[in-house]
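Listed here are the chains, written in short residue letters.
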Amino acid sequence: MNKPSDYNRYAQSSWGILIILLLFSSCQTMRPVIPAEPGHVEKMDASQNKLVWIYHLAGVLCETTFYTSTEEALNDLDSLEVHVYDSFQFDIPSCDSCGCPSSIRFAANIRHFDLNRAMSIGWHFLEDDSVIEENKRQ
């Protein structure tokens, strides 16, 4: 039976320690990109930077009030670090019975990158171009 010499064992353990140290040091230098960081927008691909319109109901009649003003609605997006580029309030025809959605809607213009975060708190993609064109700021 051949036993590895002390030198061979030392060399093998040294290489193992070196590899582990390299892995740990590379993990410390890699960090996520923070959205508020300068240059963050440039690091995303073009489709993620595209602006999209979203909306949220003011509430459900006789049941729930989500927001009473556009400012209140936008504050919720701000709490998720979703930057709003434009916003407006609009009305759509709705029934006046309890349980019907309110006719008031709040709209916000955000990056596509932030869409999932906004949807996680009840915002929806606004597909009606006529509402957008009629209400957006010029």
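## Quick look at the nonpolar core
Thought 1: Grouped together as the largest cluster of nonpolar side chains are 14 residues, with contacts concentrated most on Ile-54, Leu-77, Phe-106, Ala-108, Ile-110, Ala-118 and Trp-123.
Thought 2: Taken together, the elements giving at least two residues each to this core come down to strand E1 (51-57), helix H3 (70-79), strand E5 (104-111) and helix H4 (115-119).
Thought 3: Contacts of Leu-77, omitting those with residues within four sequence positions, involve Ile-54, Val-82, Val-84, Ala-108, Ala-118, Ile-121 and Trp-123.
Thought 4: In terms of nonpolar packing, the next biggest core, distinct from the first, is built from seven residues, Phe-88, Ala-107, Leu-126 and Ile-132 among them.

## Observations concerning the pattern of salt bridges
Thought 1: Inspection of the entire model under this criterion finds two salt bridges.
Thought 2: A salt bridge links Asp-114 to Arg-111; its shortest N-O distance comes to 3.3 Å.
Thought 3: Judged by its relative accessible area of 0%, Asp-114 is buried.
Thought 4: The shortest N-O distance in the salt bridge between Asp-114 and Arg-117 comes to 2.2 Å.
Thought 5: Arg-117 sits in the partly exposed class, given a relative accessible area of 25%.

What counts, and at which threshold
- Residues numbered from 1 in each chain as written.
- Predicted model: local features only at pLDDT ≥ 70, side-chain atom pairs only at ≥ 80, totals over all residues.
- Heavy atoms only, no water.
- Core = buried A, V, L, I, M, F, W, Y, C linked by side-chain atoms within 4.5 Å.
- Buried < 20%, exposed > 50% of the residue type's maximum accessible area, 1.4 Å probe, protein only.
- Helix = DSSP H or I, 4+ residues; strand = E, 2+ residues; numbered from the N terminus.
- Contact = heavy atoms within 4.5 Å.
- Salt bridge = Lys/Arg side-chain N within 4 Å of Asp/Glu carboxyl O.

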